[in-house]
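So you can see what is in the structure, the chains are spelled out below.
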2 protein chains.
Amino acid sequence: MSILYQEGFDPALIARQEAIFHTANGYVGVRASLEEGVPEGVKSIRGTYLNGFYNLRPIAYGEKLYGFPDEQEVMPGVADAQTIRLNVGDELFSPFTGTLEHYSRTLDMDAGVSTRNITWRTEKGATVRLTIDRLASWAEPALFLIRYRVESVDYEGALTFESTLSGEVRAYADPTDPRVAPLAVRHLAVEKAERREDVEVLTLKTLNAQQRMACAVGHRLNGRPAGRLSAQVRPGEAIVLEKWCAFRDSRRAADPAQAAFDILERAMAEPIDAWFARQRAAVSAFWDRARVEIRGDEALQSAIDFSLYQLMQSAGRDALSSVAAKGLSGEGYEGHYFWDTEIYIFPFFLLTDAARARELLRFRHGILPGAKAHARVMGHARGALYPWRTIAGRECSSYYPTGSAQYHINADVAGAVLQYWHLSGDIRFMAECGAEVLVETALLWLDVGHMNGDKFEIHSVTGPDEYTLLVDNNYYTNVGARANLIGAVRVMRALTEAGLADGVIAKTGVTPAELDAFEDAARRMLLPYDEERGIYAQDDSFLRKKVLPIADIPRDQFPLLLNRHPLFLSRHQVLKQADAVLAHFLHEEGVDEGAMRRTYDYYEPLTTHDSSLSPCIHGIMAARLGDMDKAMAYFRETARLDLDDTHLNTADGLHTANLGGVYLSVVMGFAGLRIGEEGVSLCPQLPGGLEGYAFSFLVGDSRVRCEVGREGCQLTLLEGPPARLRVYGEGVLVTGTYRFPVRSK
Amino acid sequence: MSILYQEGFDPALIARQEAIFHTANGYVGVRASLEEGVPEGVKSIRGTYLNGFYNLRPIAYGEKLYGFPDEQEVMPGVADAQTIRLNVGDELFSPFTGTLEHYSRTLDMDAGVSTRNITWRTEKGATVRLTIDRLASWAEPALFLIRYRVESVDYEGALTFESTLSGEVRAYADPTDPRVAPLAVRHLAVEKAERREDVEVLTLKTLNAQQRMACAVGHRLNGRPAGRLSAQVRPGEAIVLEKWCAFRDSRRAADPAQAAFDILERAMAEPIDAWFARQRAAVSAFWDRARVEIRGDEALQSAIDFSLYQLMQSAGRDALSSVAAKGLSGEGYEGHYFWDTEIYIFPFFLLTDAARARELLRFRHGILPGAKAHARVMGHARGALYPWRTIAGRECSSYYPTGSAQYHINADVAGAVLQYWHLSGDIRFMAECGAEVLVETALLWLDVGHMNGDKFEIHSVTGPDEYTLLVDNNYYTNVGARANLIGAVRVMRALTEAGLADGVIAKTGVTPAELDAFEDAARRMLLPYDEERGIYAQDDSFLRKKVLPIADIPRDQFPLLLNRHPLFLSRHQVLKQADAVLAHFLHEEGVDEGAMRRTYDYYEPLTTHDSSLSPCIHGIMAARLGDMDKAMAYFRETARLDLDDTHLNTADGLHTANLGGVYLSVVMGFAGLRIGEEGVSLCPQLPGGLEGYAFSFLVGDSRVRCEVGREGCQLTLLEGPPARLRVYGEGVLVTGTYRFPVRSK
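Chemist: Just to check I follow, could you spell out the relation of the copies chain A and chain B for this structure?
Modeler: Note: a rotation about an axis with an accompanying shift along it relates these two copies of the chain. By a simple turn and slide, chain A fits onto chain B: the slide is 0.1 Å along the axis, the RMSD is 0.0 Å, and the turn is 180°. The transformation just described matches what one would write down for a two-fold rotation axis. Most of the interface of chain A is mirrored in chain B: 100% of its interface residues are interface residues there too.

Chemist: Would you mind going over the sheet that holds strand 4 (residues 48-50) of chain B with me for this structure?
Modeler: Two strands in a sheet stick together by hydrogen bonds in their backbones, pointing the same way (parallel) or opposite ways (antiparallel). Residue and element names in this part refer to chain B. Reading across from one edge, 2-3-4 is the order of the 3 strands in this open sheet, with antiparallel pairing throughout. If you trace the sheet from one side to the other, it starts and ends with strand 2 (23-24) and strand 4, each paired once. Of the pairings in the sheet, the one linking strand 2 to strand 3 (residues 28-30) comprises 2 bridges and is antiparallel in character. Residue pairing for strand 3: threonine 23 is matched across the bridge by valine 30.

Chemist: Please clarify how the packing of aromatic side chains should be interpreted in this entry.
Modeler: What characterises a pair of aromatic rings is the spacing of the ring centres plus the angle enclosed by the ring planes. All names here are of chain A. Within the structure shown, the criterion is met by 60 aromatic pairs over all chains. On the numbers, 5.8 Å between centres and 90° between planes, the contact of tryptophan 339 with tyrosine 344 is edge-to-face. Its relative accessible area of 2% is what places tryptophan 339 among the buried residues. According to the relative accessible area criterion, tyrosine 344 is buried, its value standing at 1%. Here tyrosine 728 and phenylalanine 740 contribute two aromatic rings whose centre-to-centre distance is 5.9 Å and whose plane-to-plane angle is 90°, an arrangement assigned as edge-to-face.

Chemist: Explain the side chain of threonine 402 of chain B here, please?
Modeler: Residues and elements named next belong to chain B. Within the secondary structure, threonine 402 is located in the loop between helix 7 (368-377) and helix 8 (408-424). The buried category is assigned to threonine 402, whose relative accessible area is 13%. Setting aside residues up to four positions removed in sequence, threonine 402 forms contacts with Trp388, Glu466 and Leu469.

Chemist: Explanation requested: the interface of chain A and chain B in the structure shown.
Modeler: Contact residues are listed per partner, giving 55 residues for chain A and 55 residues for chain B. In terms of surface lost to chain B, no three residues of chain A exceed Glu63, Arg544 and Arg571 of chain A, which account for 17% of the buried area on that side. Taken together, the connections running from chain A to chain B amount to 6 salt bridges. Between aspartate 540 of chain A and arginine 544 of chain B there is a salt bridge; the shortest N-O distance is 3.7 Å. Summed over the shared surface of chain A and chain B, the result is 34 residue pairs in polar contact (both at pLDDT 80 or more). Counting only elements with at least two residues in the side of chain A that touches chain B, the list comes to helix 9 (427-448), strand 20 (450-452) and helix 13 (566-570) of chain A. For the side of chain A that touches chain B, the element with the highest residue contribution is helix 13 of chain A, accounting for 4 residues. Residue classes in the side of chain A that touches chain B are distributed as 26 nonpolar, 17 polar and 12 charged.

Chemist: How should I be thinking about the environment of serine 94 of chain A in this particular structure?
Modeler: Residues and elements named next belong to chain A. Within the secondary structure, serine 94 is located in the loop between strand 8 (91-92) and strand 9 (99-108). Serine 94 gets classed as buried once you look at its relative accessible area, which sits at 14%. Distance in space between the C-alpha atoms of serine 94 and glutamate 36 is 6.4 Å, their sequence separation being 58 residues. Here serine 94 is in contact with Glu36 and Trp120, once residues within four sequence places are set aside. Reaching out from serine 94, the side chain makes a polar contact with the backbone nitrogen of phenylalanine 96 at a distance of 2.9 Å.

Chemist: Could you clarify how one ought to interpret the sheet that holds strand 7 (residues 84-88) of chain A in this entry?
Modeler: Residue and element names in this part refer to chain A. What the 4 strands build is an open sheet, ordered 8-7-13-17; its pairing is antiparallel. Of all the strands in the sheet, the pair left with one neighbour each is strand 8 and strand 17 (230-233). Of the pairings in the sheet, the one linking strand 13 (residues 157-163) to strand 17 comprises 4 bridges and is antiparallel in character. Each residue of the ladder has a partner; that of alanine 158, found in strand 17, is glutamine 232.

Cut-offs used in this document
Residues numbered from 1 in each chain as written. Chains lettered and ligands numbered in written order. Predicted model: local features only at pLDDT ≥ 70, side-chain atom pairs only at ≥ 80, totals over all residues. Heavy atoms only, no water. Least-squares fit on C-alpha atoms with pLDDT ≥ 70 in both. Contact = heavy atoms within 4.5 Å. Pairing = 2+ DSSP bridges. Helix = DSSP H or I, 4+ residues; strand = E, 2+ residues; numbered from the N terminus. Phe/Tyr/Trp six-rings, centres within 6.5 Å; stacked < 30°, edge-to-face > 60°. Buried < 20%, exposed > 50% of the residue type's maximum accessible area, 1.4 Å probe, protein only. Buried area = accessible area lost by both parts, 1.4 Å probe. Salt bridge = Lys/Arg side-chain N within 4 Å of Asp/Glu carboxyl O. Polar contact = N/O pair within 3.5 Å; in protein donor to acceptor, adjacent residues only side chain to side chain. Nonpolar A, V, L, I, M, F, W, Y, C, P; charged D, E, K, R; others polar.

As structure tokens, this is what we get:
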């Protein structure tokens, strides 16, 4: 039973709870704002979002140089259907007036429902019990439902609802925080408000992107259509208002208003309970595939349940959408998709839900035109350069040193394609989408890099560590580029052998000479290594910089990005997040064990973890290096980040990459799962403090369960043909159940 | 006789001519806009500017990181007193209507007057001759005069003037050019418009900086006060409208309106001819000191006359102002002061006008509080970091990679102070201002750099070449920092010996240990040198980058900054402007002759000269290396830049650094003058194509004339005690006239 429960009403927590308890299904996301609204001055970010739906906003610059993007795609808050006001007689319900006898929020991750339970006494002394359930349907992604039940404890009289659908929505803004939109702009204008039968349909148009979204809303009172949303009650009696909402947008439907109306009508043909039942079934199927069990620590179990549930709520369901940095839980980072998806989130879907994983890759394939255009702007004659942040393919970063300069995103996207290929062997998909991505990204590396003597070097890029800017030969970037180049060659070879290469060659224009050059560049790739220290250098210059003694800096100065100029940070040995350490997580082939350990030991004390993308990787690599206590400590930090709001900005939305990191911490950290050219390998370990853990994963057409406990490890074939794995480096064919003892390093 | 004359009326040239023919005196600058205005759609940047007077404008960012400036000082166009409309009967004069029989513009650089001569026939057939003189008084900096003479050729009837003073002024903007303001904002609002006696006084207030400026305007018709500005004429008769304008601002006067009124009243107590005579006298005195004669090339003579005249028009007269990138001739670069002043312009004033040179240094001393605040923002506990672009001391760059990252500005300012010290030996000034600048800038170097092994290194800065960003150990920067550190130590020693050090120690808090550290850092300063090529490396990474074959790029792609992303440029070996070559111009001590030549030969073909700060330095260094043909070619390019509008943006204002470069080309290029610790040295050469050249210069309390011709070289003591110089490396004491043959390398 996975339930998150928080009791008590604290106005200071409203915005954070809006994210934590939000309801979403990968398409519609609704923050858990209060139906009744909040008084002025109380922080609330009221928002409903549609994945992949965007407005264009002009970007202002003090000095605009060539190639700086003119405009930015922004995920706007769309029509607001959350508002329901309840009148108890002539007294309007608000937790800020009267007496709150009980107030709690529940996220029922088995039912797929977010609930508020409230017992409220009016100023005149009438007591009512409210149960407000919300659901964003996993079965019908357009559908969002509110079931608002009011029970009279001691009140006799009228209960009246005012339920609205509003197109007056502004973006939340904070000009002092670069991670949030700078201006409270308006993104949408009402185009049409109609009433069709007893359904209200509101169509909004984006101000600059020429897109539309529509929301259709219908009501039922006590399960029946009702003219006036009002009823008389006596003590012990209850009434239930159902608010049915369907959302559709013009990227998915030619006539969003009609589409929303149609969906709503079909949905309302059934009783609301049917949709709650369908939700439970869909969520249950998800847990069957995706559950990670943690034995011996309930807090961690609920944290991992929360993380996986939120990943599923956040992830796009079609090729028009992906996973935003805050999912559909808030407006932070303006709804943009980053490398977070491929590095932190994709493996969860790859290992549990092949169809969803494919859609995430199709999204990247679909924005290749934008990535090619971006490459041209950046001065590259060939290839595609994925935008650092985007919704529909445009580069949306207005600050290139930690935006477009992060060329590694190409390797990250290519890496996800290769993981899919290695796990599935799905050559049709590679012919259709995957190989084109690999070749276009590889062509870019060939153009951006150059031979210096006999080494292939890549200059003037920024690696994952955003505190170190515009460097030459970032180790992470070069290692990733090498894998990208090699992967493109190998996949093209496989396609050629299968007679499927022609389409890719036609689309990319790649020549045999270019494929040879890929191999040559990969072979000669410069990987900076410091002989004296015996570690991989983050880049050509990092190890010559001043060390920043971060232990001496007061805690209130973190994250440093809010308190230090980027030049100051870039001049010092200080990391925002895992960089060379992340490289060793993703690409350990050919890396000497000692060098890997020394590299970890060198960079870890220099790392602030000011990015939420950092602790999980350090935990995974601690496990990789056998330090399970450290792995466990990082896992605890990772697991509780949003639940405990340790970054103090969960109000702006959940940290989806970190949520993915929670999954990775167990599966790739403790269980040591890796996906490589030879398939899946495992090196399970059991940290002290846990009794065990278990999860299942896809490999080829099979599904395998992995259980690790004090008594040993057990692999069980759940579905499909016998599965070939490597366990502690040895080949294993899992046919039924395979047991072996757990090793530690 | 120095006259610039352009005949013919071309609407496309109006904006350019507004800059070329503008009138200024270091305080007031008035673009040579047409009194009668232009029709809509014709490009004109109508502007009047007050040096050092600014508004604050908020800076917009897509992503604002810590330390990015919130607002920018901007030199606004102030109250516009240029407008005079002439009615010939009922026909309004405009060169766009009727028939222009003659149209010419004259800049009389002996009289200090800018004139338009026009013969115009109205549509009805009346012909008038206009002579419109303008003068920004060099004797009374607040004063700007227009003398508008109309002579009837064949017309009989009324001539009527409408003369206005307007506070409705907007900034010129071009959102596509980073060198120009992005938005046509309004900087000023009318605070008060008064009439005092027959004088109109308009007070404007800046919208954000809480400053005021006032303009007082009075008129005379035919030398007398007049109620209506109208008179009857017959053929052969003429009338003259005098428009007297006085400008004052609240940085210089507590009550600018009263101050402007008082100045105007005093000025108008004399006939206008007296002010024209006084102007001629002031200009004549300037030429006595400053003239550079070029024998055998009239075009070059007029170009150098033009350059020096414009420098004098541009340079601030008090410690509140300096020399803006466009002087007072336009709004390009928003009126900001850059390093241009110290490196390109200061030597002209230093060698010809000690008082003005001192004011330029006092300006830098005066903004030390801003520079210290900037250093703190950039993370430095000690020292001052001069803002890259500023008016009153704030860092005004919104793009730090080519803004605040150009730490070399500290060395540039310190270098100017040291030049003054070496030339003048003025220890009082050093005690009062100079040493504080040297110590504060040196303290900054100590903080920004660090010891790496036994070398002092400076990381994450941008050198003069703005196409190469955020590098380690930029040679120019490190060489300049070294001179700055040594200079601070030596001047502090001299002050200590003279018993004058206490004030500086009290103000800066500099300790003996810090002074020792200055010396140590200077001694260990890393100067990147490439053994293989035998050249100085621009920085640690430059020589590892890809070479950009600039000869293959079509000319219409230049300047590359308008057609290539900064990351692309930074990834390549390509220079915007002189960098290591500039270092060798300023600091040749200890540089081997061969290395200097190889360095020049290596970088020159990689240099686009996309900055107007580049060709003059290449010419000077070509002369230094004995290639006089190349020196002469660069000199010609430098000399004609604005006159021929070779950068296609003279309309936005003159390139004052390049104007200074014209002077440097002769004095430091051909004559090889340098100012060092041992005073002034000369190595005169005579390029082919010139008969000779001559100029005078200050050295200590003396003034020396240097004449170079086919017959040899001659140094003459014009004023003061015998002057010690070095000529071709040999010490010389100039007492009367000293003759010697010209050498070539």
